[in-house]
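# Coordinate analysis (summary)
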Amino acid sequence: MGQFTSLEARIDAAAHAVLARLARGRLADGAVEFLVFGLKQAWACLFGGLMLGMILATRLWWPEIGLARYDFWFLAALLIQIGMLVFRLETLSEAKVILIFHVVGTGMELFKTAAGSWIYPEEALFRIGGVPLFSGFMYACVGSYMARIQRIFDIRFSHYPPIWMTMLLALAIYINFFSHHFIFDFRWVLFAVLALLYFRSSMHYRVFRFRHRMPMLLAFLLVALFIWIGENIGTWSRAWIYPDQADGWSLVSWSKLGSWYLLMLISVVLVTLVHPPRAYQQVS
């Protein structure tokens, strides 16, 4: 898996030419690493950021043009995806990840909306049942980020659990998202298994000059937290709403953070189907 697309390689070379001329020292190096970390994270979130920005902007102002917001988001998401491929902002393998997330996410949406877990309060032409087709792209945003961040930060893993175990756990988590409506909710058992599998696992990523290490369990939590924040923006924009938000917006329940934490495991496993995890080799 190449680290950058051709366009990103040119941007990276230009950035290195500027950053390499900066003063060195502990504080200066730390400031540069922090700055580059933020810029790379923003670049990895490009698809999700554009989608969330579009949703927020149309909540603040939407003209009567004979086109439903949901349909506009769906068409715009398609154009964003095409544009990212044409302008080499995304690789074909990342597009495959996005497609997988779209299919998996849409399947969950069809069931969850039928079960009343959340609703889409506006009309849409492009929809399947009660699910507007733009919704699959919201899951695809997560997939895009997970795939892009691996190469942008050149992520390697230490003590990564066997793939077959992670696939079984991801399947159990996905099934539980459906089955808990009918039988016992096994999420606490799934949390325990996830913790056991990834307790020793760490990701090693390069920002600019240095490699850094982060425990996988912490990485899952941080990404889940940012998705929860994005979900609050989405529900405030009435992209979708939960039953307790029908009479007015309120903060998304903190319990959803746990759901997103489990979804992180599914996300990671889906990405490993396209980009197998690379082992970290300690340089002596």
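The notes below deal with the structure included here.

Reading guide: rules and limits
Residues numbered from 1 in each chain as written. Predicted model: local features only at pLDDT ≥ 70, side-chain atom pairs only at ≥ 80, totals over all residues. Heavy atoms only, no water. Phe/Tyr/Trp six-rings, centres within 6.5 Å; stacked < 30°, edge-to-face > 60°. Helix = DSSP H or I, 4+ residues; strand = E, 2+ residues; numbered from the N terminus. Buried < 20%, exposed > 50% of the residue type's maximum accessible area, 1.4 Å probe, protein only. Lys NZ or Arg CZ within 6 Å of the ring centre and 35° of its normal. Contact = heavy atoms within 4.5 Å. Pairing = 2+ DSSP bridges. Axes fitted to C-alpha atoms, helices over the stretch in contact; angles between N-to-C directions.

Evaluation of the coordinates by the stated rule reveals 24 aromatic pairs. With centroids separated by 6.0 Å and ring planes inclined at 90°, the aromatic side chains of Tyr-70 and Tyr-120 adopt a geometry described as edge-to-face. Of the two residues, Tyr-70 sits in helix H4 (residues 69–86) while Tyr-120 sits in the loop between helix H5 (92–114) and strand S1 (127–128), which places them 50 residues apart along the sequence. Judged by its relative accessible area of 1%, Tyr-70 is buried. Taken together, a centroid distance of 6.0 Å and an interplanar angle of 80° make the contact between Phe-153 and Tyr-205 edge-to-face. Here Phe-153, found in the loop between helix H6 (134–152) and strand S3 (156–158), pairs with Tyr-205, found in strand S4 (residues 202–206); they are 52 residues apart in sequence, far enough to count as distant. Tyr-205 sits in the buried class, given a relative accessible area of 10%. Each residue in the set Phe-157, Tyr-160, Trp-188, Phe-191, Tyr-198, Phe-220 and Tyr-261 is aromatic and connected to the rest through ring pairs, giving one cluster. Here the guanidinium or amino end of Lys-40 rests over the ring plane of Phe-153, the centre of that ring lying 5.5 Å away.

You can see Pro-277 is positioned in the segment after helix H10 (255–274). Linking Pro-277 and Arg-156, residues 121 residues apart in sequence, is a C-alpha distance of 6.8 Å. Ignoring anything within four residues of it in the chain, the contact list for Pro-277 reads Phe-157, Tyr-160, Ile-163 and Thr-272.

Its identity is not glycine, yet Arg-88 carries a phi of approximately 55°, on the positive side. If you trace the backbone, Arg-88 turns up in the loop between H4 and H5. The exposure class of Arg-88 is exposed, given its relative accessible area of 52%. Residue Arg-238 is not a glycine yet carries a positive backbone phi of 60°. Along the chain, Arg-238 turns up in the loop between helix H9 (216–236) and H10.

Turning to the sheet that holds S4, a few remarks are in order. Read across the sheet, three strands follow the order S3-S4-S5 without closing on themselves; strand pairing throughout is antiparallel. If you trace the sheet from one side to the other, it starts and ends with S3 and strand S5 (211–215), each paired once. Each adjacent strand pair in this sheet contributes to an overall mean axis angle of 30°, direction not counted. Relative to the sheet, H9 contacts S3, S4 and S5, its axis offset from that of S5 by approximately 85°.

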